[in-house]
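The primary structure of each chain is shown beneath.
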Amino acid sequence: MEHDQLVAPAQARIMSSYLTCELATVTRSGMPIAWPVTGVWRPDDQTFVVSTSIGFPQKAFNVRRDPHVALLFSDPTGSGLDGEGQVLLQGVAECADEIETRFSRNADLWERVSRAQPSSRALSAGWLARRLMDVYYMRLVITVTPTAVTARPPLPGAAPVPAPSPLAVSALPGVPEPFAGELAGFTSGVLAGLDDAGHPTLDRVVPEPADGGLLLPGSAARPGRASLLFHRHDELLAAQRSFAVVGELVESPRGPVLRPERVADGIQPAGLASTVRMARGLRKRAQAYLDARGLERPEVPWDELKDIYARVDAENAAR
């Protein structure tokens, strides 16, 4: 089947090399919100594919309700690329209700995850990890078909976000500690807003505490509900941290300002306590997903995952 080639080779290279991208969906309340994901570009059918565990189903719920999404490839950390710029992909997504456990059906996606994040193998290493984390491998597959693709230059000279003073924190009631203190550790954030058509769009911006919120110069999002994602990872997609500041985007004489209302926490730094909390929450939400649909807990074919890891190891050894 022929497909329009919206994605140029240079853009496809970025999409296939950056370890993560930001995926924006729209919540039931109309809030555009983004989280980092790892996916795979399939040039044959011109789609970008990600998946999410049934223990983290919100992205899938959002897509089923409103299929318009945006993907921003803006962080080159660990990609081996330098100065290649950014790619904004807006499109239409679909996500079936089928729970996918067969790794062989999306082998390219699992190979991509294995290469990008070697530490992810720990989630299936041994009987105890598999017993606790099997729900992580019960996946909902999200397929994005592009409708518009935009090349953007690298973010110029981003300086660290100034650490808010007590006065600045009091002016940002929606950003409590420790999140306010964490802002100083980020050089930029990714704004999820809506474009003039009412569809999600993403901008990597350098925020500055000002005007009772966070000033976001250069954003093309229209005023309204919006969120600002802060996330980072190392060269091997470890040491991850993410959280999103949620609020209202308003116009000001100096540019768009996000007025924070609350913070949505995301990935916590690795540690025993955070891992246990994550596993418990994951299992609880996964069981709720199954119970709501009257489904039995599916089996995970671990041998298929083992075969994928073997192929990746063989390719790495041959390089």
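Residues numbered from 1 in each chain as written. Predicted model: local features only at pLDDT ≥ 70, side-chain atom pairs only at ≥ 80, totals over all residues. Heavy atoms only, no water.

Student: I would appreciate a short explanation of the pairing of strand β1 (residues 21-26) in the present structure.
Tutor: The side chains of a regular strand alternate between the sheet's two faces. With respect to burial, β1 is a largely interior element, 6 of its 6 residues being buried. Judged from the 6 bridges that link them, β1 and strand β2 (residues 32-37) form a sheet pairing that is antiparallel. Within the sheet, the bridge partner assigned to Cys 21 lies in β2 and is Val 37. Where β1 folds back on β2, the antiparallel hairpin that results is connected by 5 residues, among which Gly 30 adopts a positive phi of roughly 90 degrees. Here 3 bridges tie β1 to strand β5 (residues 68-73), and the two strands are oriented antiparallel to one another. (Buried < 20%, exposed > 50% of the residue type's maximum accessible area, 1.4 Å probe, protein only. Helix = DSSP H or I, 4+ residues; strand = E, 2+ residues; numbered from the N terminus. Pairing = 2+ DSSP bridges.)

Student: I would appreciate a short explanation of the environment of Pro 256 in the present structure.
Tutor: Relative to the helices and strands, Pro 256 is located in the loop between β13 (241-250) and β14 (257-265). Under the relative-accessibility criterion, Pro 256 is labelled buried at 18%. Sequence-wise, Pro 256 and Pro 223 are 33 residues apart; in three dimensions their C-alpha atoms are separated by 7.7 Å. If sequence neighbours within four positions are ignored, Pro 256 has contacts with Leu 214, Leu 215, Leu 216, Ser 219, Leu 249 and Val 250. (Contact = heavy atoms within 4.5 Å.)

Student: What is the right way to read the pattern of salt bridges from this model?
Tutor: Between side chains of opposite charge, a pair can form when the charged atoms approach closely. Applying the stated criterion to the full structure yields 20 salt bridges. Taking the shortest distance from any N to any O, the salt bridge between Arg 297 and Asp 134 comes out at 3.0 Å. Here the residue Arg 297 occupies a position in the loop between α7 (272-292) and α8 (302-318), and Asp 134 occupies one in the loop between α4 (127-133) and β7 (139-152), the gap between them amounting to 163 residues. On the accessibility criterion, Arg 297 (32% relative accessible area) is partly exposed. Relative accessible area serves as the criterion here: at 12%, Asp 134 is assigned to the buried category. With its nearest N and O atoms 3.2 Å apart, the salt bridge here joins Asp 203 to Arg 152. Pair noted here: Asp 203 is in strand β9 (residues 200-205) and Arg 152 is in strand β7, with a separation of 51 residues, a long-range link. Residues participating in the shared-partner salt-bridge network are Glu 111, Arg 115, Arg 311 and Glu 315. (Salt bridge = Lys/Arg side-chain N within 4 Å of Asp/Glu carboxyl O.)

These values are about where atoms sit, not about what they do.
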